[in-house]
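# Commentary on secondary and tertiary structure
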Amino acid sequence: FATSKTTLASNSTYFQSMFSSSWRAWRTSNEEEIFVDYDPAVFEVLLKYMRQGCIPSKSLDEDVILGAEFFGCERLLLAIKCLVYRHQYPRTLDYDSAEVT
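Structural notes, computed from the coordinates. (Residues numbered from 1 in each chain as written. Predicted model: local features only at pLDDT ≥ 70, side-chain atom pairs only at ≥ 80, totals over all residues. Heavy atoms only, no water.)

## Regarding helix H6 (residues 74-88)
Cut-off, in case you're wondering: Each helix corresponds to a stretch of at least 4 residues labelled H or I by DSSP, and each strand to a stretch of at least 2 residues labelled E; elements are numbered beginning at the N terminus. Expected span, for any helix, means 1.5 Å times one less than how many residues it has. For the exposure calls, accessible area comes from a 1.4 Å probe over protein chains only, and a residue counts as buried if that area is under 20% of its type's maximum, exposed if over 50%, partly exposed in between. Comment: arc refers to directions from the helix axis out to C-beta atoms.
Taking 1.5 Å as the rise per residue, H6 with 15 residues should run 21 Å; its terminal C-alpha atoms sit 21 Å apart, in good agreement. Taken residue by residue, H6 has Leu76, Leu77, Ala79, Ile80 and Leu83 as its buried positions. For H6, the angular spread of buried residues about the axis comes to 160°, placing them on one side. More than 90 degrees from the buried face of H6, the exposed residues found are Leu78, Lys81, Tyr85 and Gln88.

## Focus on the packing of helix H4 (residues 40-52) against helix H5 (residues 62-71)
In a pair of packed helices, the angle between the axes and the distance between the axes together describe the arrangement. Selection rule: Lines are fitted to the C-alpha atoms to define the axes, a helix being fitted only along its stretch in contact, and any angle between axes, read from their N-to-C directions, falls within 0 to 180 degrees. Should an angle lie under 35 degrees it is considered roughly parallel, over 145 roughly antiparallel, and from 65 to 115 roughly perpendicular; all remaining angles are considered oblique. For any helix crossing, the convention is left-handed if the near helix is rotated counterclockwise from the far helix by under a right angle, and right-handed if that rotation is clockwise. The contact rule is simple, with two residues in contact once any of their heavy atoms fall within 4.5 Å. Side-chain classes are defined by residue name, with Ala, Val, Leu, Ile, Met, Phe, Trp, Tyr, Cys and Pro counting as nonpolar, Asp, Glu, Lys and Arg as charged, and the others, Gly among them, as polar.
Packing of H4 against H5 leaves a shortest axis separation of 9 Å and a crossing angle of 70°. Classed by the angle they form, the pair H4 and H5 counts as roughly perpendicular. With respect to the hand of their crossing, H4 and H5 are arranged in right-handed fashion. Touching Val42, Phe43, Val45 and Leu46 of H4 are Asp63, Val64, Gly67, Ala68 and Phe71, all from H5. Broken down by class, the residue content of the contact of H4 with H5 amounts to seven nonpolar, one polar and one charged.

## Quick notes on a negative patch on the surface
Threshold: Nonpolar side chains (Val, Leu, Ile, Met, Phe, Trp, Tyr) are joined into patches within 5 Å and like charges within 9 Å, using only residues with over 30% relative accessible area and no salt bridge. The method behind every accessible area is Shrake-Rupley, applied with a 1.4 Å probe, and residues are considered shielded solely by the protein chains displayed. A pairing counts as a salt bridge when a side-chain nitrogen of Lys or Arg comes within 4 Å of a carboxyl oxygen of Asp or Glu. This count recognises Lys and Arg as positive and Asp and Glu as negative, with His and chain-terminal groups excluded. To locate a charge, take NZ of a lysine, CZ of an arginine, CG of an aspartate or CD of a glutamate.
Together, Asp39, Asp61, Glu62 and Asp63 line one region of the surface with negative charge. Inspection of the secondary structure assignment puts aspartate 39 in the loop between helix H3 (21-24) and H4.

## Overview of the side chain of asparagine 11
Put simply, the test is: Nitrogen and oxygen atoms within 3.5 Å of one another constitute a polar contact, given that in protein one can donate a hydrogen and the other can accept it, and given that sequence-neighbouring residues count only through two side-chain atoms.
By secondary structure assignment, the location of asparagine 11 is in the loop between helix H1 (5-9) and helix H2 (13-18). Only 2.9 Å separates the side chain of asparagine 11 from the side chain of serine 10, close enough to count as a polar contact. Every residue in contact with asparagine 11, bar those within four places of it in the chain, is listed here: Met50, Gly72, Cys73 and Arg75.

Structure below.
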């Protein structure tokens, strides 16, 4: 995947830390490219959220939620918690077509 540091750091405490000045002091390489050793299908969903700020709720599964936890995607996790709460206390909204924002 190709993206910017800004996209990653604005939505992930993991990447905020990675790109911080204190972490850079420990790096042995000045390369701009980083390798993320994570399931590409899961990371694709998370990256889509980081870029667009929303993803279809049907994209959420256990692996995506665990990935959001791992990468510290706090806004996404909060949206997931709200979605779960809404499912527990349903109203008249069609949740199958809803997006997580």
